[in-house]
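# Structural characterization, general
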Amino acid sequence: MEFQLLGPVSVAGGSGAVPLGPAKRRSLLAALLLRAGTPVSVDALTETLWDGEPPLHARTVIQGHISRLRALLVEAGLDAYGVELATQGGAYALQLPESLLDVSRFEDLVKLAGRQKEPSDAALMLREALALWNGPALTGTVATEPMLAAARSLEESRLVTVEQLADAYGRLGSHGQAVGLLTAESVQHPLRESLVAALMRALQRCGRQSEALEYFNRTRELLAEELGVDPGKKLRRAYEEILAGEPDTGVHPTLGAPPPRRRGRYDLGLSGAKAAPATAATPSGIGGPAASAGTAGAAGGSRPPQRAEASPAGQSRESGGGQAQARTSTQGAEGQGTEGQNATLATSTTPASPAAPGAPDAPASAPADGPTIPRLLPRAPRAFAARREQLAALEAVLAEETEAPIVVLTGAAGVGKTALALHWAHQHTALHPEGHLFADLRGFSGGAPAHPERILREFLIALGVRSQDVPAGIEPASALYRSLLAERRLLVVLDNAHDSAQVRPLLPGATRCTTLITSRVRLDGLVASDCARPVHIDPLSESDGAEVFLRALGQSADAADPEDVRQVARLCDGLPLALRIAAARLIGRPRRTVAGLAAELADEEQRLALLSAEDTGVAAALRTSVAQLPGSDAWLLSSLTRSAAPEVDAPAAAALAGTNVSTARQGLDRLAAVHLIREEGAGRYVLPDLVRLFARALDAPVTTTLRRPRPEELRRSVPDSST
């Protein structure tokens, strides 16, 4: 879900791109998005769409476009995300979360970059900000002066960000990257003196002084020929330093946030438009840096008139629009001087590099004695027992992965993944002295999985970021999160993950951080893309299950017969959850015995009911797993309960479910991925007893075509267990 202005004006809905229609409607949407949340009068919209020459029925045309936009937003399901196109008197206001607008995310990332002490952190955020651009801003809108002015303003913000990124590269010593970045931009903006000066300095640092001087001479000639002026102070200073051979420190007053302005307000040049008769004060224009430099992406990405004459480099040169090009100030962050927005979120444990002149001050919210150390681990599991092999496997993986290890503990519902992760975490707190983060991602908790943005917000607050300084949107919040964890030795535990996409924004980028993830799903995507190491958690063996059961019973276990204890362990399928609930049925009830409990559990009709306690239990855990399955897979699971053989393969499953072998094979793989069945051999699967009891009650999906398998099919397809 996203509204895009940094490139072609577009809207991405739940089922793909929203068909916005003609340029006038795109332009109307863009004008509302540029002032998101603020009423825009019909007169202002008329000026934006027709540039002082509206048709006779302009108001009716606007009303028609508004009605169609409303319908499109509802059809795309965006109303469920808080998007509303409201009428307020004689004006319209588009309300939406800031995180859905690419311009807002771009501004957040640039602002956060200006607050960083480390140039590596700033460069990371600035790269992510520039990656949001997909071409000239406001492409596909009408070529009226208000839209062109807004496009120029956005382009100016992009160019300032490019210069900031080049400055960060310079302070990191990555001068070649700075040259590559600035060279491409100088071709498109040859009269932008600040950009040429930055390129000259980058070339100097690479030992390419002659090329730096050549750029100065080209720019000087172009300024004289096109504008009749000499180079400005910044360009002359860079030239003089290179001639004098003065060493460049790489520290320039360019790395900062854009000048203060209210979010989402870009100048549409509507000085003559009437203010909207709304309850809130509505500026007639969209305040922002009305830059004349840069390119306008309006009207299909067309640019201002260019000279046809080739430049010395063989590229056509773009007119700069005058010597008095609008320059975006780089001094200070947005809202600097106000307590609520002057926070530098730097928590690196290494000494910070000197701040650039004009960079924001240190945060008022940062602790004076260093970064905040979060301690979010829940308490260690009580009466933890067994799991020696899994703990050894976990230790082995972490010993092999010396940089940013990511371990996925995966297994069936109730198998004890969370307990194992917390036990290990509490046993190794000394390895992570700078904090422990924990979050329940609610991947299989009966409701909607936790959104990564909400988890990021909780983590950032735990790391010392004030709530008002937490950026909106996953990308800026994730960038800040990674920045805060840089160079820290910290443990992140992500419990009950739903899928790989939910986890990725929560992964730290620091090489000294350890990440433990638990999930019922194998998370193969995370293993493939992020080199996560899986550790499979199997059900407990009979002896280990008996140990867990006795440990849970405590003193009540003294009189228990060992054979009765082993019988309870078998009937609980080796699941710690089931074993602890079984023990809870005896604790505090001295007249009940382990033998009596074993006899009750032997009754299949009541076993699942006995292994439930208030709001938890085996059936509840299995229910949340099955709820995530497609209907056909749930029916396949139910069909497997009719097999008399201990194992099934794809042909047998196809016969039982009344489907073809290929579909059955894919369904079996999905069931194994969420650990509802176990793959005992190549293509041979076993249905655990407790899952079998639960799956008997599952219904067939409406779309499933059922038929009774023929006896010869079953005899042919059931594998021989002796092989």
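One structure accompanies this document, and this report is about it. (Residues numbered from 1 in each chain as written. Predicted model: local features only at pLDDT ≥ 70, side-chain atom pairs only at ≥ 80, totals over all residues. Heavy atoms only, no water.)

What follows deals with the overall build of the chain. Across its full length, the chain carries 28 helices and 17 strands. A fraction of 72% describes how many contacts in the chain between residues 6 or more apart in sequence connect residues 24 or more apart. On the chain, roughly 30,600 Å² of surface is accessible, and the fraction owed to carbon and sulfur atoms is 51%. (Helix = DSSP H or I, 4+ residues; strand = E, 2+ residues; numbered from the N terminus. Contact = heavy atoms within 4.5 Å. Areas by Shrake-Rupley, 256 points an atom, 1.4 Å probe, with all protein chains shown as cover.)

Here we take up the packing of helix α5 (residues 119–130) against helix α6 (residues 145–172). Relative placement of two packed helices is described by the angle separating their axes and the distance separating the axes. Their axes nearest at 9 Å, the elements α5 and α6 cross at an angle of 150 degrees. The angle between α5 and α6 falls in the class roughly antiparallel. For α5 against α6, the interelement crossing comes out left-handed. Residues Pro119, Ser120, Ala123, Leu126, Arg127 and Leu130 of α5 form the contact with α6, whose participating residues are Arg158, Thr161, Val162, Gln164, Leu165, Ala168, Tyr169, Arg171 and Leu172. Grouping the amino acids of the contact of α5 with α6 by side-chain chemistry returns nine nonpolar, three polar and three charged. (Axes fitted to C-alpha atoms, helices over the stretch in contact; angles between N-to-C directions. Parallel < 35°, antiparallel > 145°, perpendicular 65-115°, else oblique. Left-handed = near helix turned anticlockwise from the far one by under 90°. Nonpolar A, V, L, I, M, F, W, Y, C, P; charged D, E, K, R; others polar.)

Locating Pro646 in the fold gives a position in the loop between α24 (631–640) and α25 (650–657). With relative accessibility at 57%, the residue Pro646 sits in the exposed group. For the pair Pro646 and Arg684, spaced 38 residues apart in the sequence, the C-alpha separation amounts to 9.9 Å. (Buried < 20%, exposed > 50% of the residue type's maximum accessible area, 1.4 Å probe, protein only.)

Moving on: helix α23 (residues 618–626). With respect to burial, α23 is a largely interior element, seven of its nine residues being buried. For α23, the complete set of buried residues consists of Val618, Ala619, Ala621, Leu622, Thr624, Ser625 and Val626. Buried positions along α23 lie against α20 (576–584), α22 (607–610), β14 (612–613), β15 (616–617), α24 and α27 (689–695).

Phe3, Leu138, Ile517, Phe549, Leu637 and Leu640 are the most contacted members of the largest nonpolar core, which totals 194 residues. With 10 residues, α6 is the largest single contributor of residues to this core. When near neighbours in sequence (up to four residues on either side) are disregarded, Phe549 contacts Val565, Val568, Leu579, Ala582, Ala583, Leu586, Val594 and Leu597. (Core = buried A, V, L, I, M, F, W, Y, C linked by side-chain atoms within 4.5 Å.)

Turning our attention to the sheet that holds strand β6 (residues 91–95). Taken in spatial order, the three strands of this open sheet run β4-β6-β5, and their pairing is antiparallel. Among the strands making up the open sheet, the edge pair consists of β4 (40–41) and β5 (84–88). Sheet analysis places β4 next to β6, joined by two bridges and oriented antiparallel. Each residue of the ladder has a partner; that of Val40, found in β6, is Tyr92. Strands β5 and β6 of the sheet are contacted by helix α3 (residues 58–75), whose axis makes an angle of about 145 degrees with β5. (Pairing = 2+ DSSP bridges.)

Let us now look at unusual backbone geometry. Positioned with a positive phi, Leu523 is a non-glycine residue whose angle comes to about 55 degrees. Mapped onto the elements, Leu523 comes out in the loop between β12 (514–519) and α17 (524–530). For Leu523, a relative accessible area of 3% translates into the label buried. Residues other than glycine seldom take positive phi values, yet His675 does so here, at roughly 60 degrees. Along the chain, His675 turns up in the loop between α26 (661–673) and β16 (678–681). You can call His675 buried: its relative accessible area is 12%.

So, on to the pairing of β16. Pairing geometry for β16 and strand β17 (residues 684–686), over three bridges, is antiparallel. Counterpart to Glu679 in the pairing with β17 is Tyr685. Remark: two residues form the turn of the hairpin made by β16 and β17, two consecutive strands paired antiparallel; Gly683 in that turn has positive phi of roughly 75 degrees.

On to the pairing of strand β2 (residues 10–13). Sheet topology note: the strand β1 (residues 2–4)/β2 ladder contains three bridges and is antiparallel. In the sheet register, Glu2 faces β2, and the bridge partner there is Ala12. Turn length for the β1-β2 hairpin, with the two strands adjacent in sequence and antiparallel, is five residues, and the turn residue Gly7 shows positive phi of about 140 degrees. Note that β2 and strand β3 (residues 16–17) share two bridges and pair antiparallel.

Take the packing of aromatic side chains next. Summed over the entire model, instances satisfying the criterion amount to three aromatic pairs. The interplanar angle of 75 degrees and the centroid separation of 5.8 Å between the aromatic rings of Phe106 and Trp133 together place this pair among those described as edge-to-face. Of this pair, Phe106 sits in helix α4 (residues 102–114) while Trp133 sits in the loop between α5 and α6, and the two are 27 residues apart along the sequence. Taking relative accessible area as the criterion, Phe106 reaches 4% and is therefore assigned buried. Overall, Trp133 belongs to the buried group, its relative accessible area being 11%. The interplanar angle of 15 degrees and the centroid separation of 3.8 Å between the aromatic rings of Phe216 and Tyr239 together place this pair among those described as stacked. Here Tyr239 lies in helix α10 (residues 233–244) and Phe216 lies in helix α9 (residues 209–226), a separation of 23 residues in the sequence. Sitting over the ring of Trp133, Arg158 keeps its end group 5.8 Å from the ring centre. Over the ring of Tyr215 we find Arg218, and its NZ or CZ is 5.4 Å from the ring centre. (Phe/Tyr/Trp six-rings, centres within 6.5 Å; stacked < 30°, edge-to-face > 60°. Lys NZ or Arg CZ within 6 Å of the ring centre and 35° of its normal.)

What follows concerns the pattern of salt bridges. Taken as a whole and judged by the stated rule, the model has 33 salt bridges. Ionic pairing is found between Arg115 and Asp469, a salt bridge with its closest N-O pair at 3.8 Å. Taken together, the residues Arg115 in the loop between α4 and α5 and Asp469 in the loop between α14 (452–462) and α15 (474–485) connect sequence positions 354 residues apart. A salt bridge links Glu211 to Arg208; its shortest N-O distance comes to 2.9 Å. (Salt bridge = Lys/Arg side-chain N within 4 Å of Asp/Glu carboxyl O.)

Turning our attention to the environment of Tyr92. When you line up the elements, Tyr92 lands in strand β6. The sequence separation of Tyr92 and Val40 amounts to 52 residues, and the corresponding C-alpha distance is 5.3 Å.

Direction vectors running N to C along helix α8 (residues 193–205) and α10 enclose 15 degrees, while the axes themselves pass 8 Å from each other. The pairing of α8 with α10 is recorded here as roughly parallel in orientation. Of the two elements, α8 crosses α10, and the hand of that crossing is left-handed. From α8, Glu193, Ser194, Val196, Ala197, Met200, Arg201 and Gln204 reach across to α10, where they touch Lys234, Leu235, Arg237, Ala238, Tyr239, Glu241 and Ile242.

Within the sequence span of α14, burial applies to Pro452, Ile455, Leu456, Phe459, Leu460 and Ala462. In an axial view of α14, the angular spread of the buried residues amounts to 160 degrees, which keeps them on one side of the axis. In the core, the buried residues of α14 are packed alongside β10 (436–440), α15, β11 (491–497) and α16 (500–503). Of the residues one or two after α14, Gly464 is the one with positive phi, at around 105 degrees. (Arc of directions from axis to C-beta.)

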